[in-house]
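# Understanding the architecture of this molecule
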Amino acid sequence: MLQELVKSIVDSFVAPRASARRVIDNVTDFQGVAVIFGLSFTLSAIIILLKTAFGAEAAADFNAMGGAFPFIISNLIFSAVAFAFLCGVIYGVGRLFGGVGTPLEIAAAIAWHSLITVVFSPFLSLSSLTADGGASIMPVFIMLFIAWLLANFTAEAHQFKSVWKVAAVMVGLLFIPAFLMTLAGLSAM
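To start, this report covers the structure provided alongside it. (Residues numbered from 1 in each chain as written. Predicted model: local features only at pLDDT ≥ 70, side-chain atom pairs only at ≥ 80, totals over all residues. Heavy atoms only, no water.)

## Side note on the overall build of the protein chain
- When its secondary structure is counted, the protein chain shows nine helices and zero strands.
- Along the chain direction, N to C, the helices and strands of the protein chain fall in the order α-α-α-α-α-α-α-α-α.
- Burial analysis of the protein chain (189 residues in total) assigns 36% to the buried set.
- Contacts spanning at least 24 positions in sequence make up 66% of the contacts within the protein chain whose residues lie at least 6 apart.
- Entry remark: accessible area of the protein chain is about 11,400 Å², with carbon and sulfur atoms responsible for 76%. (Helix = DSSP H or I, 4+ residues; strand = E, 2+ residues; numbered from the N terminus. Buried < 20%, exposed > 50% of the residue type's maximum accessible area, 1.4 Å probe, protein only. Contact = heavy atoms within 4.5 Å. Areas by Shrake-Rupley, 256 points an atom, 1.4 Å probe, with all protein chains shown as cover.)

Written as structure tokens, this is what we have:
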């Protein structure tokens, strides 16, 4: 079983659509989604705790929240809300464009995405994205790769043929609100 899990994780990076299909086909209810999401959150919490043990900046944020328990609980609430929101948006927008994914299939794909991308979390932080010099280029590439995996998983869950079209819609969904907020800000001046 452990070998199959490792193979699925490796396949997620090498052949993301095939891996997503295998996960979607094997998850038969929302309890399976909850297990994958729970494992993802648990690994993420362990990584956060390890980062606070070895990093002064992370430890300061951690202590400002009141310690381990409140920090982990607030992170769980944020993660659950973000997961539900992302699943809703991917389901709704995918259906709008003719996708056939069910809420369970979308949730399974997104839960699996969050599980396999947790390995990148030690390399992603606000300070690493705003650092001076070339050190900030690596997190940008990691974020692009994570977005590429999400586009592949979304395309497979909705059974779209083109990952590029899914990626274009994802980019559009990022820029349209930014553009509207810019217009709103300009008209307020």
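Having put the structure on the table, let's press on.
## Describing the packing of aromatic side chains
- Here the structure, examined in full by the defined rule, presents five aromatic pairs.
- Residues F37 and F83 carry aromatic rings whose centres are separated by 4.9 Å and whose planes lie at 35 degrees to one another, so their mutual orientation is tilted. Highlighted residues: F37 in helix 3 (residues 30-54) and F83 in helix 5 (residues 68-96), separated in sequence by 46 residues. Of the two residues, F37 and F83, both sit in the buried class.
- Among the aromatic residues, those joined into a cluster by ring pairs are F13, F120 and F145. (Phe/Tyr/Trp six-rings, centres within 6.5 Å; stacked < 30°, edge-to-face > 60°.)

## Here we look at the side chain of T117
- Residue position: T117 is located in the loop between helix 6 (103-116) and helix 7 (126-129).
- A polar contact of 2.7 Å, which involves the side chain of T117, links it to the backbone oxygen of H113.
- Among all residues touching T117, those that are not within four sequence positions of it are I146 and L149. (Polar contact = N/O pair within 3.5 Å; in protein donor to acceptor, adjacent residues only side chain to side chain.)

## A closer look at helix 6
- In this model helix 6 runs 20 Å from its N-terminal to its C-terminal C-alpha over 14 residues, within 8% of the 20 Å that 1.5 Å per residue would give.
- Here helix 6 lies mainly inside the structure; twelve of its 14 residues are buried. (Expected span 1.5 Å × (residues − 1).)

## What to know about the environment of F160
- Secondary-structure assignment places F160 in the loop between helix 8 (137-158) and helix 9 (163-188).
- By relative accessible area, F160 is classed as buried at 18%.
- Separated by 62 residues in the primary sequence, F160 and G98 have C-alpha atoms spaced 8.4 Å apart.
- Dropping the residues within four chain positions of it, F160 is found in contact with R17, G94, F97, G98, G99, T154, A155 and V166.

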